[in-house]
Amino acid sequence: MAQPRIPAARSAAAGLQAQNGAASASGSPYTNGPVQNTLMSSQVSSSQGYDSQLPGSYPRPMPAKTLNPFSAQSNYGGSQGPGQTLTSPLVTSSPLPPSLHSGPVPRMPLSTSQNPAAAPMPSGSFLPGTNPPPPLSWQYNYPSTGPQTNHFPHVAQPTIPENTNLTTDHQYVSSGDPALQTSFKKPGSALPLQNPPLPPTFQPGAPPGPPPAGGPPPSRGPMLQKTPPRAALPPSLNSAVNQEGITSNANNGSMVAHSTYDEIEGGGFLATPQHVNQNPRTSRSVGSAYPSLPPGYQNSAPPVAGMPPSSLNYPSGPQAFTQTPLGANHLTASMSGLSLHPEGLRVVNLLQERNMLPSTPLQPPVPNLLEDIQKLNCNPELFRCTLTSVPQSQALLNKAKLPLGLLLHPFKDLVLPVVTSSTIVRCRSCRTYINPFVSFLDQRRWKCNLCYRVNDVPEEFMYNPLTRVYGEPHKRPEVQNATIEFMAPSEYMLRPPQPPVYLFVFDVSHNAIETGYLNSVCQSLLDNLDLLPGNTRTKIGFITFDSTIHFYSLQEGLSQPQMLIVSDIDDVFIPMPENLLVNLNESKELVQDLLKTLPQMFTKTLETQSALGPALQAAFKLISPTGGRMSVFQTQLPTLGVGALKPREEPNQRSSAKEIHLTPSTDFYKKLALDCSGQQAAVDLFLLSGQYSDLASLGCISRYSAGSVYYYPSYHHQHNPVQVQKLQKELHRYLTRKIGFEAVMRIRCTKGLSIHTFHGNFFVRSTDLLSLPNVNPDAGYAVQMSVEESLTDTQLVSFQSALLYTSSKGERRIRVHTLCLPVVSTLNEVFLGADVQAISGLLANMAVDRSVTASLSDARDALVNAVIDSLSAYRASVLSSQQPGLMVPFSLRLFPLFVLALLKQKSFQTGTNVRLDERIFAMCQVKNQPLVHLMLTTHPSLYRVDNLSDEGALNINDRTIPQPPILQLSVEKLSRDGAFLMDAGAVLMLWVGRNCSQNFLSQVLGVQNYASIPQTMTDLPELDTPESARMIAFISWLREQRPFFPILYVIREESLMKAAFLQNLVEDRTESALSYYEFLLHIQQQVNK
Ligand SMILES: [Zn+2]
C-alpha cells in the first residue's frame, strides 16, 4: 500500500485567502447602471481584506502571480485583477422589440456582453455594449393576438433543415403536420401572426400599465418627514430613499424603477428621514393608532412540514420582561456562562483521549451572556459566529489564529413573528432595525447597539399591540425577538412587487432524451403545478433546445400549445414574447397539455448538439421584464453557439492536486448571470450527465445569479433508478418550497467590526449589499470579519442581517436576525468560546476559494495549517505548563477531526476517484449549504441500528424515536454481525453486515437471509414488528430534520455503494490519506516544533 501523503510542511502553505465571491469594501453604488464589479477586484479584496486584516493569522500573502493565475483565460470567477468594472449600464433606454407584426421582425438588441465572440472584450471589462431594457413596467395578460393559425402537434419535432439561412433569417416553424407549418422569414416579410394590439412591452415614456392584480397601489400617500433630509442627498432621495436601498418615486403616482439599488436595505450611512407611511396597503391591518383588532403582531407563517417548529422556540407571546441593563455587568464573573459545563474548561490531550466525539449531535456553544440576554438571542441554526466570544482587538484575534466570521441560514423554514406596522423603527445613522439588544435610555429614546446613536422612539412604537398597553416600547415584539419579519411599506419597493415567474428550460437533445429525464421532470411538474408558490399573478413558461431553440405559446384561448422554433442561434430573438410567459391560472390546461406532450415530442430526435448558451440568452430575454426563476435542465457539454465548451477533464490528472480545471473556461456564464441578476432573475441549474460537462463553467450561471446547482451524475431512467428517485424527491422540494423574489441582503455589525468577504451564491452590489434575485430556504451564506477598531470599551457586539424580499404572494417583507455576543480580552476566553463547527464551515468556504484562486494543494495545506496555527497559539500563549501530547481546549477537541474530514471530502480529497464535475459540485455545496448540512456531509453521523431500543428514546407526538449513540467514523466500529446507518445529510446509507442477525433481516428488512437483500434497495418495508417500527421511526425522524428527502441506500458487502460508505469513514487510513491518529501525530509534531 502506498504511504499516505503527509501534509506538506507548513512553510509551503500560505493561509487561506478567500476571494471568491468576495467583495471588498470598494465599489461604487449600484445604480442599475454601471456596476462596480467587486467580484473581480481581488487585489482590493486581498489588500484591504483578509491579508491586511489578519497578517498574523495568515502571514503569507499569496504571491502576486497567483492573483491572476488564469489570465490566459477569460479572467473569470476567481475575481482576479484589480479594478475591473462593469462598463455597460444595465439599463438603457433602448426599446424592447416592437410587436411582431410591424414590418421586419425586430430583434431585441443583443448585448455584446452576451456574445463575446462578436465583441471580444478586454479582460478588464465587463458587459460592454447595450443592455436589455429596464423592467419599467408590468406586462400582464395582453389581449389575445387573434386567431391562431399554427397548431401544436402531438407528433415528432418538425425537421428544420440545418443551415437554412441561419445567419440571416429567423424561422418560425410550427411543428407538426407540414401542411400546418408556417415558416416565417425575417426581415422584410410580414409574419402571419396576428396583430398583437399592444406593444409587447412597456415603452419608456409611455404611461405605465395598470397595477398588477393583487399588487400594491401604484402610489403612496404623502410622507411626513420627521427630520429634515440630509442636505447632501440628491433631491430624488429626499422623497423616496428607502431603507432597503430602493427608491420609489411618488411624484407622479407611479412606481418608477429608480436607479438606486445602491443602499439596499437602507445602506450603511445614508441617514434617511423616518417616514410615516400612509400607504393604505401597509396600514391595512394596523392603522396608525393601532386598532384593537387584529393585532399587528401575528404568527402568520404556518409550520412547515418536516421542520418541526419545536426546534426553534421563539418567544411568541407577551413576556414579563423588563429590559436587562445592557451596560456594565452584562458579563457574569469570568466564564460563569461556562460554569454550567465545567467540562468546557478542560484541556484535552487528543493523543490520549481519542474518542472525543459526543454520542449525541454536537451542540453549538452558548455565548457567555447573562441569561436574560441570551434567552433573546438569535437561534444558532440561523445565525452563528465562529467565535462566540469576540476578541476585543485584531491583535488578539491574530494571536488566536482562528477565523472570525458568521454563518447564516437566513431564509430557513420556520415559524416567526411577523409585524405589520406603519413604522419600522430603525437607527437613523446606520439603519439598524430596532432589536432586543438596543438599550432604552428612557421611554422616548433608544440607543443603537451597532453605532451607538441615540434615536427617538416614534409615537406609534409606544403602544404595545401585544399587551395593548401604552408606554412599553421595550415590550414590543421588535424588541422581544431576535428573529422577526416585517411587512414592508411601499418605500421598500423599487417597483410593484413582481409576480412569481417560473421559466423552465429543457435540454431535448438526443442525449437528453436518452436519459429519460424529461418524463420525470414533466410528471413532477404536473404533480406539483398547484403547489408552486404563487398567487393569481403566477406566470410560467417553457423553452426547449437542442441545436435550435423552441418556444411554446400558451396563450389563453388556444386549443393546444403552439411550438415556435428559432433556428438562428447566433442572434436569438423572442417570437411572440407576450404569449410565452403566461398566467398559470388562465392557461393551466394548456400548460398541463404541454407537460403531458413534451416527453413524447422528441423521442425520435437525432439532434446531438446542444445550444445551451443561446437558449439561456433567450430565457434571459423572456424573463427580463419581470425577473423570476429560471430552471435549466442540461445533460451534456454545450456544443453550439455562445457558451460552447470543450472537454478538458483528463482522468489521469485527477490525482494531481494542481493541474485540475476548477476555474471556468469562459466568462460567458458569469456575465449572463450578472445580466440576470440585474433583471432580478436567478438561474437554477439541474445537471444530469454521465459525461464531463464542465460544471466549473456552467455553475457560474447559478452562482452569480443567486441560483442553486443540482447534479445527478449518470442519470438514467432505467439504469440508475436511485437517481430517478432522488430527482423526484428533490424536485418536489424544489418546486414547492418557499421562494423569495427580487431580494437583497445586508449584514451589519457593531462599529469596530468589519465584514470583508462573502461566501455563497449571489452578486455583491454596492459595498456589502448582496443581490439575491431569488432566495430559497435551503441556502446558506458565510462572511468573514475583522476587528478594525479596538473594542476595548465595548462589552457586547451585535450582528444583524436584513433580508428584503418579495414573497410569492406579492408581499414585500423584511426578515431580520440579530445576534449578540460578548467581547473578551484574553486569549483563553477566545478559545473557550470557539465554535468548532462554524470555524470548520468557514474554513471550508475559504478553502474552496483558495482552491480556485491558487490550487487544491494550497487549499489543503491551508486547512491543515489552520489547525496547527491555532493549536500552536493555544499551547504557546494559554497553557501554563508544557505538557507532552497534543493539548487542545475542549472547545476545539474536534477541530483536527473536522479538518481531516474536510481533507477527505470530495471537494478537497486527492486521488483518482473524484471526477472533476463531482468535485466542483461538492465545492458548490460547500458554498451554498447551511452549516448543519455542510457538517453532516463532511462528517456524517454513524449509528448502530440492528439493536435499536426504546432506552433514552425521544417521545414526540406519541411517537417513540430511538436515539442510538453516534459512533466514531471508523471501520473499527463496524461489525459483521450488525447493521449500521450512516447519515451523510443528503443520503442515508444502511450497511448490513454479512452475519447480521436473522432477526434484523426478517423483522426490519423483511428478507429471509442476507443473500436475498436486493442489490438495489432504497426502501424499508413497514412491517408489523417493533423492530421495524423503531427503525422506521428513527429514519423518519432523521429525514424530518432536513428539507430535502435523503434517499436510503441499503448496502451489502458487495454493493457498489460500499465504497461510498467506506469513503466516509474519515478516521481510517486510505491509500491517499492519513488516518485520524496519524493526522494527530502530524499536528502534534508541527505544534510542538
Ligand atoms: Zn445605528
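Per chain, residue numbering runs from 1 following the sequence as it is written. Whole-chain, interface and lining totals are the exception, using all residues; otherwise, since this is a predicted model, local features are given only for residues with pLDDT of at least 70 and side-chain atom pairs are given and counted only at 80 or more. For side-chain calculations, the full set of non-hydrogen atoms in the structure is used, while hydrogens and water are omitted.

J.: Could you give an account of the sheet that holds strand β37 (residues 966–967), with specific residues and numbers?
T.: Strand pairing is defined by DSSP finding a minimum of two bridges between the two strands. We count a stretch as a helix when DSSP gives it H or I for four or more residues in a row; a strand needs E for two or more, and each element gets its number in order from the N terminus. Pairing within the open sheet is mixed, and its five strands lie in the order β37-β34-β38-β39-β40. Either end of the sheet is taken by a strand with one partner, and the two such strands are β37 and β40 (1047–1051). The pairing of strand β39 (residues 987–992) with β40 spans five bridges and is classified as parallel. Each residue of the ladder has a partner; that of L988, found in β40, is L1048.

J.: Explain unusual backbone geometry to me, and be specific about the residues and the numbers.
T.: A positive phi angle is found at Y452, which is not glycine, with a value near 75 degrees. One can find Y452 in the loop between β13 (445–447) and β14 (454–456). On the accessibility criterion, Y452 (33% relative accessible area) is partly exposed. Of note, the phi angle at D694 is positive, near 55 degrees, even though the residue is not glycine. Within the secondary structure, D694 is located in the loop between β24 (681–687) and α13 (695–698). Exposure classes here rest on a 1.4 Å probe applied to the protein chains alone. A residue is buried below 20% of its type maximum, exposed above 50%, and partly exposed in between.

J.: Run through the nonpolar core, naming residues and quoting values.
T.: Within this scheme, the nonpolar core is defined by two criteria: the residues are buried Ala, Val, Leu, Ile, Met, Phe, Trp, Tyr or Cys, and they are joined through side-chain atoms within 4.5 Å. If you look at the biggest cluster of nonpolar residues, it comprises 207 residues, and the most contacted ones within it are L406, F799, F895, L990, V992 and L1005. The contacts of L990, once residues within four sequence positions are left out, are V945, A979, F980, L981, F1000, L1005, L1020, M1031, L1048, Y1049, V1050 and I1051. The contact criterion used throughout is that any non-hydrogen atoms of two residues lie within 4.5 Å.

J.: Could you give me a rundown of the environment of G752, with the residues and numbers involved?
T.: Here G752 shows up in the loop between β26 (740–749) and β27 (753–759). Sequence-distant contacts of G752, defined by excluding residues within four places in its chain, comprise S786, V787, E788, E789 and L791.

J.: Go over the state of the cysteines, please, and point to the residues and values.
T.: We call a pair of cysteine sulfur atoms a disulfide whenever their separation is within 2.5 Å. Summed over all chains, the structure comprises zero disulfides. For the unlinked cysteine C924, the closest cysteine sulfur is that of C700, found at 8.5 Å. Judged by relative accessible area, C924 falls into the partly exposed class, the value being 22%.

J.: For the pairing of strand β29 (residues 769–775), give the residues involved together with the corresponding values.
T.: Extensive coverage of β29 is indicated by the burial of seven of its seven residues. Two elements, β26 and β29, share six bridges in a ladder whose sense is antiparallel. Note that in β29 the partner of G740 across the bridge is V775. By the bridge criterion, two bridges tie strand β28 (residues 763–764) to β29 in an arrangement that is antiparallel. Bridging across to β29, F763 finds its partner in S771. Linkage of β28 to β29, two consecutive antiparallel strands, is achieved through a turn of four residues.

J.: Which residues make up the coordination of the zinc ion, and what are the values?
T.: Donor selection uses N, O and S atoms within 2.8 Å of the metal (3.2 Å for Na, K and Ca). Since no water is included, sites may look incomplete. Every protein donor of the zinc ion is listed here as C427 (SG), C430 (SG), C448 (SG) and C451 (SG), and their distances to the metal cover 2.2 to 2.3 Å. Within one chain, the residues donating to the zinc ion are spaced in sequence as C-x2-C-x17-C-x2-C. Residue C427 shares its accessibility class with C430, and that shared class is buried.

J.: Can you tell me about helix α25 (residues 1076–1087), naming the residues and giving the values?
T.: Expected helix span is computed as 1.5 Å times (number of residues minus one). Spanning twelve residues, α25 covers 16 Å between terminal C-alpha atoms, matching the ideal 16 Å at 1.5 Å per step. All of the buried residues in α25 are Y1076, F1079, L1080, H1082, I1083, Q1084, Q1086 and V1087. On its buried side, α25 packs onto α18 (856–877) and α19 (895–904).

J.: Give a description of the side chain of Q800 that names residues and reports values.
T.: Tracing the chain through its elements places Q800 in strand β31 (residues 796–806). At 2.8 Å, the side chain of Q800 and the backbone nitrogen of Y433 are in polar contact. The contact partners of Q800, leaving out residues within four places of it in the chain, are F383, T432, Y433, N435, R746, I747, R748, V816, H817 and T818. By the criterion applied in these results, polar contacts are pairs of N or O atoms within 3.5 Å in which, for protein atoms, one can donate a hydrogen and the other can accept it, and in which residues neighboring in sequence qualify only through two side-chain atoms.

J.: Give me helix α15 (residues 721–736): which residues, what numbers.
T.: Compared with the 22 Å implied by 1.5 Å per residue over 16 residues, the 23 Å span of α15 between its first and last C-alpha is a close match. Taken residue by residue, α15 has V722, Q723, V724, Q725, K726, L727, E730, L731, R733, Y734 and L735 as its buried positions. Structurally, α15 contributes buried residues whose contacts are with β18 (501–507), α9 (517–528), β23 (628–634), β24, β25 (709–711) and β40.

J.: Explain the pattern of salt bridges residue by residue, including any values.
T.: Each salt bridge in this description consists of a side-chain nitrogen of Lys or Arg and a carboxyl oxygen of Asp or Glu lying within 4 Å of one another. One pass over the full model with this rule turns up 31 salt bridges. For R815, the salt bridge goes to E485, with nearest N and O atoms at 2.6 Å. Here R815 is found in strand β32 (residues 812–824), whereas its partner E485 is found in strand β17 (residues 483–487), with 330 residues between them in sequence. A salt bridge links R495 to E742; its shortest N-O distance comes to 2.9 Å. Within this pair, whereas R495 is found in the loop between β17 and β18, its partner E742 is found in strand β26, the two being separated by 247 residues in sequence.

J.: Describe the sheet that holds strand β8 (residues 383–385), naming the residues involved and giving the relevant values.
T.: The sheet built from four strands is open, its strands ordered β8-β10-β30-β27 with antiparallel pairing. In this open sheet, the two strands that pair with only one neighbour each are β8 and β27. Strand after strand, the sheet turns through a mean of 25 degrees between neighbouring axes, direction not considered. When strand β10 (residues 405–408) meets strand β30 (residues 781–787), the two strands line up antiparallel, connected through four bridges. Paired with L406 across the bridge in β30 is V783. Helix axes are fitted to C-alpha atoms over the stretch in contact, other axes to C-alpha atoms as well, and angles between N-to-C directions run from 0 to 180 degrees.

J.: Describe the pairing of β40, and please don't skip the residues or the numbers.
T.: Successive residues of a regular strand alternate their side chains across the two faces of the sheet. Here β40 lies mainly inside the structure; five of its five residues are buried. Burial of the side chains of β40 extends over both faces: I1047, Y1049 and I1051 are buried on one face and L1048 and V1050 on the other.

J.: So what's going on with the packing of α18 against α19? Residues and values would help.
T.: Orientation of α18 relative to α19, taken along the N-to-C sense of each, is 175 degrees, at an axis distance of 10 Å. As the angle between them shows, α18 and α19 are arranged roughly antiparallel. On the side of α18, the interface is formed by R860, L863, V864, A866, V867, S870 and L871, while α19 contributes F895, P896, V899, L902 and L903. Grouping the amino acids of the contact of α18 with α19 by side-chain chemistry returns ten nonpolar, one polar and one charged. If an angle is under 35 degrees, it is roughly parallel; if it is over 145, roughly antiparallel; if it lies from 65 to 115, roughly perpendicular; otherwise it is oblique. Charged residues are taken to be Asp, Glu, Lys and Arg, nonpolar residues to be Ala, Val, Leu, Ile, Met, Phe, Trp, Tyr, Cys and Pro, and polar residues to be all remaining types, Gly included.

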